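Architecture at a glance
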Amino acid sequence: MTLRSGMLDRLAAMRGRPLAEDVADAMTVVPRHVFVPEAPIEEAYGLGAVVTHWDEQGVPTSSASAPGTVAGMLEQAQVRPGQRVLEVGAGTGYNAALLAHLVGPSGSVTTIEYDPEVAEAARTHLTAHGADRVRVVTGDGTLGAAEDGPFDRILVTAGAWDVAPAWVEQLAPDGRVVLPLRLRGLTRVVAFERSGTGLRSVSVVEDGFIPMKGIRAMPEKNVPLGTGPDLTLRIDDAQPIDRALLEALDSEPTLEWTDVVAPWAWTPEQDFWLATLPGFCRVFVNAEAVAAGRIPRAKDPWGAWGVYSGGSLAYMVARQTGGTDEMPMLQVGACGFGPDGADLARRLADRARAWQEQTADGVEVTIEARSPASVPLHGEDGALLVVNKVDHVFVVTAVGAATSVEA
Ligand SMILES: C[S@@+](CC[C@H](N)C(=O)[O-])C[C@H]1O[C@@H](n2cnc3c(N)ncnc32)[C@H](O)[C@@H]1O
């Protein structure tokens, strides 16, 4: 077994299904280690992202994305021979090489990289692999590359906060743009096609990405609370906070349990129900503060969903009610701090209950990107969530949902 086929076998086992045939073929042909020459060979063919660049604080700024992420995006994009493709975020050049294989000699690939040093390395790797036909442009990918368009496919491999107008303008009439989109702190890889004057999703997949740099960068804000800090709030869109919030952890916590039980895993649709609440945020609870009994454990160690208002906050918690060690069943609840902590905890718990009631028969989430002028100011009938951004208004609809909330 070669390193490449071993990686694909482990990937298929992890996902519980084989990769699309054309994507598996491309990942078999393109050697990943050529694109991450400094990584040990077992890391190059592991299932994790290979980080290649960091900022001064040690935060990753460029990587070869995890093979599962790469394969998932390519499956969503459905790239075909002969197509013109634009990639935003060349990184190591690995994905561009896969794209070049998928479009074949009659197609074209342009990839844009913001960081000149990273772009130069991508060129070197692509040449070493023999994919010289890929054009690597140094610049801000949110401006696109009009000279090489229109594009049948646009793949964005850095986390976006909005759909850049250039991507819509440079997309062919029946094209597809696939991008990791952050909506109220939730990141979803969305495959969009044109629909009327806007875009409508054909698939929505949960994943995480290195955030976009440049003129459309929209950093999140971290707010540390308590000594340690015991808890960090991550707030999207740089929303303001009340100074009283810094004292919230001085109060005793209030717990509210629901009868909602879910398997340990992501509950990606439930996130959209919680995101309808004003003050929605992500909460990272310090494991040492939990061990010392200062604060209840959050539902998800990688960041639980929460809400804040004035000097109060609440976040999701969970306790095991059954299942196995590998896949426990979790009862979901919420924990609040501060003068309105109990109320905020109840609001979170109520949204989890609403999710359970409204999705008992399954649910499908659809995201539309519309021009701001086309969306009524007071929301949209049947929408679960309406999020106003600069270039687009995003309307999230979930079949089975009845709530309409504007954020
Ligand atoms: C996860 S890495 C991309 C992985 C890459 N596709 C690969 O196969 O190795 C994200 C890349 O996007 C780049 N990036 C971030 N913002 C950008 C922007 N506005 N325009 C172009 N590239 C950008 C980062 O510098 C980083 O190299």
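**With respect to the site of the ligand**
Among the 24 residues in the neighbourhood of the ligand, the closest are listed as Ser62, Thr92, Glu113, Gly141 and Lys213. The side chain of Asp140 places a nitrogen or oxygen atom 3.1 Å from a nitrogen atom of the ligand. With respect to the ligand, the side chain of Thr157 contributes an N or O atom lying 3.2 Å from a nitrogen atom. Relative to its unbound accessible surface of 610 Å², the ligand loses 99% to contact with the protein. Secondary-structure elements contributing two or more residues to the shell around the ligand are β2 (60-64), α5 (94-103) and β4 (108-113). Across the shell around the ligand, the residue classes tally to 8 nonpolar, 12 polar and 4 charged.

**Quick look at helix α10 (residues 341-358)**
The terminal C-alpha atoms of α10 lie 26 Å apart, and with 18 residues this matches the ideal 26 Å at 1.5 Å per residue to within 8%. Taken together, the buried positions of α10 are occupied by Gly341, Leu344, Ala345, Leu348, Ala349, Arg351, Ala352, Ala354 and Trp355. In the core, the buried residues of α10 are packed alongside β12 (254-263), α8 (268-274), β14 (304-309), β15 (312-323) and β16 (328-337).

**Some points on the domain arrangement of the protein chain**
The assigned domain composition of the protein chain is domain 1 (3-216), domain 2 (221-358) and domain 3 (365-398). In this assembly, 17 residues from domain 1 lie in contact with 13 residues from domain 3. Summed over both sides, the interface between domain 1 and domain 3 buries roughly 1400 Å², with carbon and sulfur atoms accounting for 61% of that surface. The largest contributions to the domain 1 side of the interface with domain 3 come from Trp161, Asp162 and Leu183, which together make up 35% of the buried area. The interface formed by domain 1 and domain 3 holds 2 salt bridges in total.

**Details of the sheet that holds β16**
Read from one edge of the open sheet, 7 strands run β10-β11-β13-β14-β15-β16-β12, paired in antiparallel fashion. The sheet is open, and its two edges are formed by β10 (221-225) and β12, each paired on a single side. Looking at each pair of strands side by side, their axes are set apart by 30° on average, direction ignored. Judged from the 5 bridges that link them, β10 and strand β11 (residues 231-235) form a sheet pairing that is antiparallel.

**Notes on the packing of aromatic side chains**
Within the structure shown, the criterion is met by 3 aromatic pairs. Look at Phe280 and Trp305: their rings are 4.9 Å apart centre to centre, the planes differ by 25°, and that puts the pair in the stacked class. Here Phe280 is found in strand β13 (residues 280-285), whereas its partner Trp305 is found in strand β14, with 25 residues between them in sequence. The same class applies to Phe280 and to Trp305, which are both buried. We note Arg32 situated over the ring of Tyr94; from NZ or CZ to the ring centre the distance is 5.9 Å.

**Quick notes on the packing of helix α1 (residues 3-15) against helix α4 (residues 67-77)**
In contact at an axis separation of 10 Å, α1 and α4 are set at 75° when each is read in the N-to-C sense. Looking at the two axes, α1 sits roughly perpendicular to α4. Within the contact between the two elements, α1 uses Met7, Leu11 and Arg15 and α4 uses Pro67, Gly68, Ala71, Gly72 and Glu75. Split into classes, the residues belonging to the contact of α1 with α4 amount to 4 nonpolar, 2 polar and 2 charged.

So, how was this worked out
Residues numbered from 1 in each chain as written. Predicted model: local features only at pLDDT ≥ 70, side-chain atom pairs only at ≥ 80, totals over all residues. Heavy atoms only, no water. Near = heavy atom within 4 Å. Polar contact = N/O pair within 3.5 Å; in protein donor to acceptor, adjacent residues only side chain to side chain. Areas by Shrake-Rupley, 256 points an atom, 1.4 Å probe, with all protein chains shown as cover. Helix = DSSP H or I, 4+ residues; strand = E, 2+ residues; numbered from the N terminus. Nonpolar A, V, L, I, M, F, W, Y, C, P; charged D, E, K, R; others polar. Expected span 1.5 Å × (residues − 1). Buried < 20%, exposed > 50% of the residue type's maximum accessible area, 1.4 Å probe, protein only. Contact = heavy atoms within 4.5 Å. Domains from an automatic or database assignment. Buried area = accessible area lost by both parts, 1.4 Å probe. Salt bridge = Lys/Arg side-chain N within 4 Å of Asp/Glu carboxyl O. Pairing = 2+ DSSP bridges. Axes fitted to C-alpha atoms, helices over the stretch in contact; angles between N-to-C directions. Phe/Tyr/Trp six-rings, centres within 6.5 Å; stacked < 30°, edge-to-face > 60°. Lys NZ or Arg CZ within 6 Å of the ring centre and 35° of its normal. Parallel < 35°, antiparallel > 145°, perpendicular 65-115°, else oblique.

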